[in-house]
Amino acid sequence: MSVYLVQFLSGLASASALFLAASGLSIIFGVTRVVNFAHGSFYMLGAFFGYTFVREVGGGGIGFWFALLLAALAVGLVGLVVELVILRRLYKAPELFQLIATFGVILIVQDVALWAWGAEDLLGPRAPGLTGIVRIFGTPMPVYDLALIAAGPLVLAALWLLFNRTRWGILVRAATEDREMVAALGVNQSLLFTGVFVLGSMLAGLGGAIQLPKGGADLLMDFGILAEMFVVVVVGGMGSILGAFLAAVLISLLNTFGILVWPDGTLVLMFILMAVILVVRPTGLLGRPETAGHKAEAGFETALRPAGPHYKLFIAAVLALLLVLPVLVGEFYLILVIDILVLALFATSLHFLMSTGGLVSFGHAAFYGGGAYAAALLVTYAATPFELALLLAPLGAGLLALVIGWFCVRLSGVYFAMLTLAFAQVAWSIVFQWSDVTNGDDGLLGIWPSAWASGTLVFYFLALVIAVGGIFLIRRVIFAPFGYGLRATRDSTLRAAAIGIDIKRQQLVAFVFAGAMAGLAGALFVFSKGSVFPDEMSIPRSFDALLMVLLGGVESLSGPFVGAAAFTYLHDELITFEYWRLLLGLTIVALVLLFPQGLAGAAKHYLGRYLKLEAEPTGAAVTKREVREA
Amino acid sequence: MLSVEKIHSYYGQAHILTDVSLALSTGEVVVLIGRNGAGKSTTIKSIMGMVKVTEGDISFDGEALRGEPTHRIARRGIGYVPEERRVFTRLTVQENLEAGQQPPREGAPRWRFDDLFDLFPNLAEARHRLAGTLSGGEQQMLTIARTLMGNPGCILLDEPSEGLAPVVVEQIIKVIQQIKAQGLPILLSEQNLYFASLVSDRAYVIETGRIRFSGTMHELEENAEIRQQYLAV
Ligand SMILES: Nc1ncnc2c1ncn2[C@@H]1O[C@H](COP(=O)(O)OP(=O)(O)OP(=O)(O)O)[C@@H](O)[C@H]1O
Ligand SMILES: [Mg+2]
């Protein structure tokens, strides 16, 4: 019996750090409407700062806690800089740019942490005076866990007092409801936003710092906690601090007991719990439905139009160039172009989901990697021929997309984005941990195409046909009735529902289609490289796709292709540096701040009028005019 | 003290106000009257810096307001009571009032909690209730009280009678008269001529974003042509 009690208490202990981090995320979102993807990085920084401060000033019982507070303050300072330099300029931008910018911050923090603290995992210092073990009915338990158990409710109470007993807290709550009205009462919103962001960052930092004696500090903490945090926030209900607390406790308990019952299945358990709660209460345990005014939009205003005559000519020229390319360049460049083709298909599938469906997925690599693994597993375990594997991989990815999409399309906007990210992280963890089948981190090797297609030249043409064919197929779907219906859904859910479009089903179909196409790209990838590693499913890979779409511009259909090329170039240039993540992160942040339309989008915008890159407006636009005249 | 001169306002590309001018002096209640969609709210939001104003001048006590951010305009002493009430529904009545608090202002009447609870006895009873649970009339009272907590030097009151029962409208009239008695000038936006005539000294008639008439309330009531053209439903 006492084993269960101790297990229960240890679950509560690990809930505390998770709660602190998640509550910070929730508070920031409530006021600024920005989902801070760098929140996991702040948590990680809290641990690293804590490690350093405890060594420097942490002598004695008081010094230790003082050092942890100092770590939280330091992270608050980092948050201050991020808010002032980056986010403040982006509050009015489409949310995608905010998310991408905070992803840039993740990369920057990763490399700065690597540079400052090294690649080794750091063992957390122990809290003076709390190093021992207590016996609870005979079962041992670290004393520090008791301190952790107390920390959660203490912070919860402190936050409650802050938000209910101070004028600042009242203003913050008022601002979550109606920011403009708060300004009209004479309150400086910018200051309020900055304050909230700093508070949220400090909470993440404190969360990272207090778990030091238990979990130490390492460079994987950022993405690790990010997915868990998102699950907590989605399950608890966005914006609800008490909800975050309950969800953190629930999930931590599930983890600790799950390990007893089904050691390999804790992730699956979390997945099931989340699914059940979202089906029963789509807004989470204590969340409120999103009000119309706060509805998060993907924000693509310009309509997609069929290609104009000049644009078609341009595409034809590019295709012709790709066809004769083997004559012009050597094998090295052909391989590079294969990479670009694969990524272009991957990015186009995501672009389809975003621009046509209005669904910004942050976990699209789950299907890219899913397709790659499907092909690799088929070849490894079922000795499936290359051609068949290439065909079955998109089906496998589509199936995965069906399962994940079934949950995700119930949510919209940032909730959708967060949930896709969480699911993708779960998929990654499964591949990473289930090493009996997937070989874990060592990957699956020796996945080569059949003999006839193994030469670079033949494979190049194969990749060209498949990638370009896939991209054209996606284009066809966009301008087919299904695509128009989807865009109607994106532009006005109410109106789409009124004319009898089953929104959720349609979004699910789009999600599955996009997933299958990403899977096709993944299959091409695995056969071009001969191997696959869990990295292909990881969150950074999902962000790569977003980055390609962003580089190419969300409003332009050729964007993903340009984006893939730009990304490949950028990546190859940067990878030679030791701190390439830092450079990439800085580049992303700079791009978002300077070119909110993306490269191709900006070029098209400025050149489009002269070059007639788009067909004359037809269809929808004309109807609108007619309606107005009538 | 508040003066708006020849402003042009836009929502995005849509040109809404053309050459709108008006003035508000100490101690008077001025009504901005016009039909649905005439541009009353847009005028008030232009003063508050919530709408893009591309031309013209807005000043209060001789200081230019145009181009200033909303919170600074509010800090200069312009109190804004929005249409559709916009109370903070998840805050209590008391907290709503606290959110509106600003330091006392020279030359403007000072309002304390007790003064406001005298003026709005209903709110005193509902002090600890969530604002979202109040009736429409009570919410309207709360928005007015919340603005008064900022000790403003003038008040922009956007259609306070909209959608309220006659008894409640009567209470609002009393409140406006009491505020006026403190010497606080009010710019009132209204569709209903009768309601306006009960409290206002002067009137501006607005229609499709232009001021069509300005004069005393008495002159407007005498002018059947203007009433017929711009106010008849
Ligand atoms: N957010 C907006 N975007 C575009 N146009 C708007 C917006 N708000 C108002 N308008 C337009 O501006 C014009 C003036 O609107 P305004 O709200 O100022 O009218 P009003 O006189 O306050 O009317 P009401 O009595 O209905 O409140 C209307 O034609 C309206 O359609
Ligand atoms: Mg109005």
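Provided above is the structure to which this section pertains.
In this text the structure is predicted, and so the values were computed from the model without any measurement. (Residues numbered from 1 in each chain as written. Chains lettered and ligands numbered in written order. Predicted model: local features only at pLDDT ≥ 70, side-chain atom pairs only at ≥ 80, totals over all residues. Heavy atoms only, no water.)

Q: Just checking my understanding: could you explain the interface of chain A and chain B for this structure?
A: Size of an interface: often given as the accessible area lost when the parts come together. Each side of the interface is counted separately: chain A has 19 residues, and chain B has 21 residues. With both sides pooled, the region where chain A packs onto chain B buries about 1900 Å², and carbon together with sulfur makes up 53% of that total. Our count for the chain A to chain B interface comes out at 3 salt bridges. Taken together, the links from chain A to chain B amount to 11 residue pairs in polar contact (both at pLDDT 80 or more). (Contact = heavy atoms within 4.5 Å. Buried area = accessible area lost by both parts, 1.4 Å probe. Salt bridge = Lys/Arg side-chain N within 4 Å of Asp/Glu carboxyl O. Polar contact = N/O pair within 3.5 Å; in protein donor to acceptor, adjacent residues only side chain to side chain.)

Q: Quick question: what am I supposed to make of the sheet that holds strand E3 (residues 29–33) of chain B here?
A: Sheets are built from strands paired through backbone hydrogen bonds, the pairs being either parallel or antiparallel. All names here are of chain B. Across the sheet, 6 strands lie side by side as E6-E7-E8-E3-E9-E10; this open sheet has mixed pairing. Pairing within the sheet leaves two strands with one partner each, and these edge strands are strand E6 (78–81) and strand E10 (210–216). Averaged over all adjacent pairs, the angle separating strand axes in this sheet is 15°, with direction ignored. Note: E6 against strand E7 (residues 154–158), 4 bridges, orientation parallel. Bridge pairing links Tyr80 to Leu156 in E7. Contacts between helix H6 (residues 136–148) and the sheet are confined to E6 and E7, with E6 contributing the most and set at about 165° to the helix. The strands touched by helix H10 (residues 224–231) within the sheet are E3, strand E9 (202–207) and E10, with E9 carrying the most contacts at an inclination of about 40°. (Pairing = 2+ DSSP bridges. Helix = DSSP H or I, 4+ residues; strand = E, 2+ residues; numbered from the N terminus. Axes fitted to C-alpha atoms, helices over the stretch in contact; angles between N-to-C directions.)

Q: What is the right way to look at the packing of aromatic side chains in this model?
A: Two descriptors summarise a pair of aromatic rings, namely the distance from one centre to the other and the angle between the planes of the rings. One pass over the structure, following the stated rule, counts 28 aromatic pairs over all chains. Ring geometry for A:Phe367 versus A:Phe511: centroids 5.4 Å apart, planes at 85°, classification edge-to-face. Of this pair, A:Phe367 sits in helix H15 (residues 365–382) while A:Phe511 is found in helix H22 (residues 503–529), placing the two residues 144 residues apart along the sequence. Across the pair, A:Phe511 and A:Phe367 agree in class, each one buried. Three or more aromatic residues joined by ring pairs make a cluster, and in this case those are A:Phe37, A:Phe103, A:Phe230, A:Phe362 and A:Phe543. The residue whose ring lies beneath A:Arg410 is A:Trp406, and the NZ or CZ to ring-centre distance is 4.1 Å. The ring of B:Phe88 carries the charged tip of B:Arg146 above its face, separated from the ring centre by 4.7 Å. (Phe/Tyr/Trp six-rings, centres within 6.5 Å; stacked < 30°, edge-to-face > 60°. Buried < 20%, exposed > 50% of the residue type's maximum accessible area, 1.4 Å probe, protein only. Lys NZ or Arg CZ within 6 Å of the ring centre and 35° of its normal.)

Q: Honestly, the side chain of B:Glu28 in this entry has me stumped. Any pointers?
A: Residue and element names in this part refer to chain B. If you trace the backbone, Glu28 turns up in the loop between strand E2 (14–24) and E3. Exposure remark for Glu28: the relative accessible area of 12% places this residue in the buried category. Beyond its immediate chain neighbours, meaning those up to four positions away, Glu28 contacts Ala23, Pro185, Ile186, Asp201 and Arg202.

Q: Looking at this structure, I do not really get the coordination of the magnesium ion (ligand 2). What am I missing?
A: For a metal bound by four donors in tetrahedral geometry, the ideal donor-metal-donor angle is 109.5 degrees, whereas six donors in octahedral geometry ideally sit at 90 or 180 degrees. Residue and element names in this part refer to chain B. Here the magnesium ion (ligand 2) is held by Ser41 (OG) and Glu83 (OE), and the distances to it run 1.9 to 2.4 Å. With Ser41 in helix H1 (residues 40–47) and Glu83 in the loop between E6 and helix H3 (93–100), the pair connects residues that are 42 residues apart, well separated along the chain. The buried category is assigned to Ser41, whose relative accessible area is 12%. (Donors = N, O, S within 2.8 Å, 3.2 Å for Na, K, Ca; no water.)

Q: What's the story with the site of ligand 1 in this structure? I'm lost.
A: All names here are of chain B. With respect to spatial proximity, 13 residues lie near ligand 1, and among them Gly37, Lys40, Ser41, Thr42 and Glu159 are the closest. In the environment of ligand 1, an oxygen atom lies 3.1 Å from a nitrogen or oxygen atom belonging to the backbone of Ala38. Contact distances for ligand 1 include 3.1 Å between an oxygen atom and a side-chain N or O atom of Gln191. Relative to its unbound accessible surface of 630 Å², ligand 1 loses 60% to contact with the protein. Split by residue class, the shell around ligand 1 holds 3 nonpolar, 6 polar and 4 charged. (Near = heavy atom within 4 Å. Areas by Shrake-Rupley, 256 points an atom, 1.4 Å probe, with all protein chains shown as cover. Nonpolar A, V, L, I, M, F, W, Y, C, P; charged D, E, K, R; others polar.)

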